[in-house]
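Letter by letter, the chains look like this.
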Amino acid sequence: MAKLNMVQAINLALTEEMANDENVIVLGEDVGVDGGVFRVTDGLHDKFGEKRVIDTPLAESAIVGASIGMAMAGLRPVAEMQFSGFSYLSIPQLEGNASRMRARTMGKWTCPLVLRMPYGGAVRALEHHSESREAMYATIPGVTVVIPSGPRNARALMLAAIRDPDPVVFMEPKRSYRAFREEVPEEEEVRELGKAQVVQAGTDLTVVAWGAMMRPTLKAVDLIQKKRNITIELIDLLTIAPMDADTIVESVKKTGRCVVVQEAPRSFGASSEIVARINDDALLYLEAPVGRVTNYDVVTPYFGREMMYLPDEQRIARSLEETLDF
Amino acid sequence: MPLKKIGDFSISYLQILNEKGVVDAKLEPKLSDDELHKLYRTMLLARETDARMLKLQRQGRLGTFGPGTGQEAAFTAPISAASDEDWIVGTFREPGARLFRGEPLSQYLAYFNGYEEGNTFDPAKRVLPMSVIVASQTLHAVGLAYAMQYKGEKDSAVITFLGDGATSEGDFHEALNFASVWQAPVVFIVQNNQWAISTPRKMQTRAKTIAQRAVAYDMPGIQVDGNDPLAMYQATKEALDRAHAGEGPTLIEAVTYRLMMHTTADDPKKYRSEDEEKEWWKKDPLTRFRVYLENKGLLDEKSHAALATEIKAYIDDEVKKFEAATDWPPDISFDHVLGTRHPSIERQRTAFLANLNKEAANG
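Residues numbered from 1 in each chain as written. Chains lettered and ligands numbered in written order. Predicted model: local features only at pLDDT ≥ 70, side-chain atom pairs only at ≥ 80, totals over all residues. Heavy atoms only, no water.

**Q** What should I look at first to understand unusual backbone geometry in this one?
**A** Most peptide bonds are trans, and most residues other than glycine sit at a negative phi. That bond from Ala241(A) to Pro242(A) is cis: its omega, -5°, falls within 30 degrees of zero. Its place among the elements puts Pro242(A) in the loop between β12 (239-241) and α9 (245-255). Unlike most non-glycine residues, Gln194(B) shows phi in positive territory, near 75°. On the secondary structure map, Gln194(B) appears in the loop between β4 (186-192) and β5 (195-196). Note on Gln194(B): relative accessible area 15%, which makes it buried. Located in the positive-phi region is Ile197(B), a residue other than glycine, with phi close to 45°. (Helix = DSSP H or I, 4+ residues; strand = E, 2+ residues; numbered from the N terminus. Buried < 20%, exposed > 50% of the residue type's maximum accessible area, 1.4 Å probe, protein only.)

**Q** It is not clear to me how the domain arrangement of chain A should be interpreted in this structure. Could you clarify?
**A** For interface size, the figure often reported is the accessible area lost on association. All names here are of chain A. By domain assignment, chain A separates into domain 1 (2-184) and domain 2 (197-325). Just the C-alpha atoms count here: the centres of domain 1 and domain 2 sit 26 Å apart. Contact between domain 1 and domain 2 buries roughly 2,100 Å² in total, counting both sides, with carbon and sulfur atoms accounting for 56%. Summed over the shared surface of domain 1 and domain 2, the result is zero salt bridges. Across the contact surface, domain 1 and domain 2 share eight residue pairs in polar contact (both at pLDDT 80 or more). Mapped onto the side of domain 1 that touches domain 2, the elements with two or more residues apiece are α6 (134-138), β6 (144-146) and α7 (151-163). When grouped by side-chain class, the residues that make up the side of domain 1 that touches domain 2 number 16 nonpolar, eight polar and six charged. (Domains from an automatic or database assignment. Buried area = accessible area lost by both parts, 1.4 Å probe. Salt bridge = Lys/Arg side-chain N within 4 Å of Asp/Glu carboxyl O. Polar contact = N/O pair within 3.5 Å; in protein donor to acceptor, adjacent residues only side chain to side chain. Nonpolar A, V, L, I, M, F, W, Y, C, P; charged D, E, K, R; others polar.)

**Q** Before we go on, may I ask you to explain the packing of helix α1 (residues 33-58) of chain B against helix α12 (residues 301-324) of chain B in this structure?
**A** Residue and element names in this part refer to chain B. One way to put it is that α1 packs onto α12 with a least axis distance of 10 Å and a crossing angle of 50°. Relative to α12, the element α1 lies oblique. In this structure, α1 meets α12 at a crossing whose hand is right-handed. The residues of α12 that touch α1, namely those facing His37, Tyr40, Arg41, Leu44, Leu45, Glu48, Thr49, Arg52 and Leu56, are His304, Leu307, Glu310, Ile311, Lys312, Tyr314, Ile315, Asp316, Val319 and Glu323. Here the contact of α1 with α12 is built from residues that sort into nine nonpolar, three polar and seven charged. (Axes fitted to C-alpha atoms, helices over the stretch in contact; angles between N-to-C directions. Parallel < 35°, antiparallel > 145°, perpendicular 65-115°, else oblique. Left-handed = near helix turned anticlockwise from the far one by under 90°. Contact = heavy atoms within 4.5 Å.)

Structure (structure tokens):
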């Protein structure tokens, strides 16, 4: 076992799978010689050469469009968008082609590609470098949207994403890139996509979070458990779409109370979908309205004010108490 | 300091078979009789397919489609210059390209009648499904070409089609640039049919030619009489030879004309004159190709009539086949969202089928 941060863990997954499968190709802006602006692809260029680790011209649509052609020819491209804020130029290719190649041809053609992108705030970055737009991608049928929360699941989910037969948008919480280390097993570990993980079991309240929100949520959960001598069930969503609502619904049936924590703006996000699914399948088990801790429906503020808007441990803890006290 | 000239660029125009069917013997490509016959047959099949589809559409037996009438040389002859190892990445207005590679017409019809079953041509034939988002397919072509290079398939290049309107899209320029930087084996063939729905070619770009876009990306670019099947064959052949030899991409501008509407939902009278259409009918690729074949002794009145009868019978059969296939399951869309079945999507399938049953019960 090695203690790795998330950057190293994703790098490990890419290295492993490139060694396993010569069809795996990495491409993007500055991913080669430079190893990526966050160093996620560091060393791959030396190990696997410029044919497999491609420094592309600066064009997001082309990176994804070319990846589609590569995937249809049997390669397994892993494309990097340098920041999620620049990925929108590639959405016509993702929505218009990659996501629907399977449906368009009734499975005759598929499009196995991974679109990696660092996302999220709290890194004191300039404009366009701090958004959480997972919901935008999650609304596209045919796309799997994955968000790891720590080094270990990042590695295991990345291996699954590369092997998945369809396009996967792999959103990496850059705030968590180097924030902490975890033991990552040396042997191969693959985590199935489309499955949430019950991080800790509990009976009094269900809390759902994902990505960079997992850390402050875990702290708030610990705080309230101790303060009230209760147990809280914490679920890490891991895959945003297609959503594993069953795990959440089963938990809510047991606890009767739920809080969802989301870094993205409040409306039309994954948290709204979670509330809707609970409404569909567990409404009569609820003893309180489902609580939501989210950002606000504002354009992401510059980093001077950013932290006031992002959910933090205190705001999450207050929401847990309000839901428990309802 | 005086200005120093650091580059000199020019664009050539290629025509081998003129409007009257007169061939430039010095430039005439050496196609076998069989090759010439297959090319003419496919062009005629594409023309007759348009005519039949238009009838079917007007009778409510087919959905909207975009006829390729007038462009048969521009989209069919390039495929006659390719081998089966070369890929075809096109749009929705190159029936001749697809038919040449052997796509059954019944599938083509099913596509335009709103069924995904029509987009299931055998992937081993190396024809990508039709792309509707203008210019987006040019990038797929570049990625495919990169994959061919990577896999060492030296005999495989990619032919990609787009229209004059598509040359205004960013994806087209990104594709040219990526192909150039990667020296990818791609042949870009612009079907410059003068009209992007109602927008004339001169409103897409001030550039004198579309072919000159190649100059900025440091690749060969040529303007070709797109209604001349021999010139389209020759230009594509040379571009494919370069691509196979590892010499990178080429841009071909085929100057042609969309003789019919953009799609069956469009009325060209709104934006262009019938005189203009008449002028282009005089440059019809089929007429001149027929004269050429007759002059070579490969076709006469009788054999042409036999060919027309054979094509009509083929179309009749394929229309029958297409209309007989009605047992397509309604819930097929749920099968192909993702390769891995997901419970929430499967539950929606159940609800969808239950709803259909209720509607059926309610008559």
